Amino acid sequence: MGPKVSGIKRSNSSAARLARTDKRCQRPASSKSAPTLKDCPLPSHRFLPSGPLTGRIRVPGDKSISHRSIMFGALAVGETCVAGLLEGEDVMATAAAMRAMGATIEKHGEEWRIHGVGVGGLLQPENTLDMGNSGTSTRLLMGLIAGHGISATFTGDASLSKRPMGRVIEPLSQMGASFEASPGGTLPLMMQGAHPSVPIEYRLPVASAQVKSAVLLAGLNTPGITTVIEPVPTRDHSERMLRGFGAELEVEEAGGDQIIRIRGEAELQPQEAVVPGDPSSAAFFIVAALITEGSDIVIENVGLNPTRAGLIEVLQQMGGHIEDLDPREVGGEPVADLRVKHSQLKGIDVDPAIAPAMIDEFPVLFVAASLAKGTTTTSGLEELRVKESDRLSAMADALTLAGANVTEREDGLVIEGTDGAPLAGTSDKPVTTHLDHRIAMSMAIAGLASKDGVEIDDTSPIQTSFPNFMSLLADTSA
Ligand SMILES: O=C(O)C1=C[C@@H](OP(=O)(O)O)[C@@H](O)[C@H](O)C1
Ligand SMILES: C=C(OP(=O)(O)O)C(=O)O
């Protein structure tokens, strides 16, 4: 770790350890009384201005692909080996749930080995499935359970407990599953899967890969053909990977729609899976290098599936220097090494049609826009209000506190950039991350391009998707 990043603590520091205990503070195992703030101090942290980012780095495995590797491996008969799995809390929540339903999932050296139970073979979990902070785990597992004749209860942390589950309850009910959810269709909820379940044709009312995947996963153990119609394409990892595991799945384009059909009562074959680096995690280092003077960095092995690569296109339109080196395929997904150099960014109107291909990257795009020359306008982003936090309001508040010029609209933010001048940073009050890893990491990056640094109230949510973020940032910045 270089001397100029003394403000950044490593992930094995006491702050990071506290982070993990802190989440459990919501429901302390060892104490009958509710925890007080004193028992559970938040691991706050000030991210200081940084010199150039240089060197070659790798970010952890893709979160979406990691969840699916575990789920599909757990449904194949035989041993699936997964290399490059993300070991963040969200993926570990999926692993714990699949173990509770009968799969064996173990780490051997650098590799994860999964012994599956076969499609149709999931066991009824004995205990409540605690999904922590993870929307993907919850919605995809609801789909899997819907096609099995078992029941399960789902809980989650304070953030997940506010997120809408009606969007999966609706199609899965049509397939025969039944639900008892909290008011507003939220967690905690109890569900009973159906056996046999009923194949449906479902047109997605919202651009969501989680809803698409939930219906396809329910379709895996449903007799006949289950069809999902997608008017707006979203990440297609489920389709690619289900095919790779041997499911009969076809995608047809018709009149601007994608029509995805899966034949049920499938038999999945175990695989040797390799998970590419997560473009959503690489995004923080891409923006960090673009806004920090003198930076020149290579991020190796970044997944560049076209349904995920929207941020790179938008940053290039803003004048960002991002080069693909050595494009290749890893685990059935396009990847490349990305060379990113500091660039003078200019504000643009972001085409809302690109939103699904960068849905998790808007918080960090807002940081880039805050340092660009001129105005960046975003629209069509209502979905950001139902992520781990309301990401439009959380980022508008956080960036304003750090000195950026931001106007919040119903469906997006309008940001007047500083033309490269550093943001003031935060003084007496830290930014609030609302249990949202992407808000925490985005504002950490804003700290690099600030005068006084940016203080984050709670760094613990970073563990959900990018456990070594703090140490990688410290190692990369001069
Ligand atoms: O299918 C997935 O793996 C994901 C889909 C997206 O959610 P939505 O389906 O709610 O858009 C994304 O935000 C999430 O991080 C991961
Ligand atoms: C929205 C996200 O994840 P999830 O929906 O799985 O909680 C995310 O990682 O930004």
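Predicted model, so just to flag it, every value in this text is computed and none were measured.

**Focus: the sheet that holds strand β12 (residues 249-254)**
- Strand order in this open sheet of four strands is β10-β11-β13-β12, and the pairing throughout is mixed. Where the open sheet ends on each side, the last strands, each with one partner, are β10 (201-203) and β12. Going from strand to strand, the sheet's axes swing by 15 degrees on average, the running direction of each strand aside.
- When β12 meets strand β13 (residues 257-263), the two strands line up antiparallel, connected through six bridges.

**What to know about helix α3 (residues 89-100)**
- With 12 residues, α3 should cover 16 Å at 1.5 Å per step; its first-to-last C-alpha distance of 16 Å lies within 8% of that length.
- Buried within α3 are the following residues: D90, V91, A93, T94, A95, A97 and M98.
- Close packing links the buried residues of α3 with α2 (63-75), β4 (104-108), β6 (129-130) and α4 (135-146).
- Directly after α3, the chain includes G102, whose backbone phi takes a positive value near 115 degrees.

**Here's the deal with the side chain of E300**
- Structurally, the position occupied by E300 is in strand β15 (residues 296-303).
- With sequence-adjacent residues up to four places away left out, E300 is seen in contact with R56, I57, R58, A336 and D337.

**Description of the environment of D436**
- Mapped onto the elements of the fold, D436 is located in the loop between β20 (412-416) and α12 (437-448).
- Of the residues examined, D436 reaches a relative accessible area of 0% and is grouped as buried.
- D436 sits 247 residues away from L189 along the chain, and the two C-alpha atoms are 22 Å apart.
- Discounting residues that sit within four places of it in the chain, D436 has contacts with E388, S389, R391 and P461.

**So, helix α5 (residues 166-174)**
- For α5, the full list of buried residues reads R167, V168, I169, P171 and L172.
- Taken together, the buried residues of α5 touch α4, β8 (178-182), β9 (186-192), β10 and α6 (209-220).
- Phi for G176, located one or two positions after α5, is positive at around 115 degrees.

**Comments concerning the site of ligand 1**
- All residues adjacent to ligand 1 are K63, S64, R68, T136, R139, S208, A209, Q210, R235, I359, D360 and K387.
- Contacts to ligand 1 include S208, whose side-chain N or O atom sits 2.6 Å from an oxygen atom.
- Between ligand 1 and K387, the relevant distance is 2.8 Å, taken from an oxygen atom to a side-chain nitrogen or oxygen of the residue.
- In isolation ligand 1 offers 380 Å² of accessible surface; the protein chains occlude 94% of this area.
- At the level of secondary structure, the elements contributing two or more residues to the shell around ligand 1 comprise α2, α4 and α6.
- Sort the elements by how many residues they give to the shell around ligand 1 and α2 lands first, with three residues.
- Of the residues contributing to the shell around ligand 1, the split by class is two nonpolar, four polar and six charged.
- Counting the residues that make up the shell around ligand 1, at least three belong to each of domain 1 (45-61 + 276-477) and domain 2 (63-274).

**Re the site of ligand 2**
- For ligand 2, the set of nearby residues contains 13 residues, the closest of which are K63, G135, T136, R163 and R438.
- Note that an oxygen atom of ligand 2 is positioned 2.9 Å from one of the side-chain N or O atoms of Q210.
- One nitrogen or oxygen atom from the side chain of R391 is found 2.9 Å from an oxygen atom belonging to ligand 2.
- Relative to its unbound accessible surface of 300 Å², ligand 2 loses 98% to contact with the protein.
- When residues of the shell around ligand 2 are traced back to their parent elements, those giving at least two are α4 and α12.

**Here's the deal with the packing of aromatic side chains**
- Summed over the entire model, instances satisfying the criterion amount to six aromatic pairs.
- Where F285 meets F466, the ring centres are 6.0 Å apart and the plane angle is 55 degrees; that geometry is what we call tilted. Of this pair, F285 sits in helix α8 (residues 279-291) while F466 sits in the loop between β21 (454-456) and α13 (469-476); the two residues are 181 residues apart in sequence, bridging distant segments of the chain. Each member of the pair, F285 together with F466, is buried.
- Seen in terms of ring centroids, F466 and F469 are 5.4 Å apart; in terms of plane orientation they differ by 70 degrees. Their pairing is edge-to-face. Each member of the pair F466 and F469 is classed as buried.
- Following the ring pairs from residue to residue traces out a cluster consisting of F284, F285, F466 and F469.

About the thresholds
Residues numbered from 1 in each chain as written. Chains lettered and ligands numbered in written order. Predicted model: local features only at pLDDT ≥ 70, side-chain atom pairs only at ≥ 80, totals over all residues. Heavy atoms only, no water. Pairing = 2+ DSSP bridges. Helix = DSSP H or I, 4+ residues; strand = E, 2+ residues; numbered from the N terminus. Axes fitted to C-alpha atoms, helices over the stretch in contact; angles between N-to-C directions. Expected span 1.5 Å × (residues − 1). Buried < 20%, exposed > 50% of the residue type's maximum accessible area, 1.4 Å probe, protein only. Contact = heavy atoms within 4.5 Å. Near = heavy atom within 4 Å. Polar contact = N/O pair within 3.5 Å; in protein donor to acceptor, adjacent residues only side chain to side chain. Areas by Shrake-Rupley, 256 points an atom, 1.4 Å probe, with all protein chains shown as cover. Nonpolar A, V, L, I, M, F, W, Y, C, P; charged D, E, K, R; others polar. Domains from an automatic or database assignment. Phe/Tyr/Trp six-rings, centres within 6.5 Å; stacked < 30°, edge-to-face > 60°.

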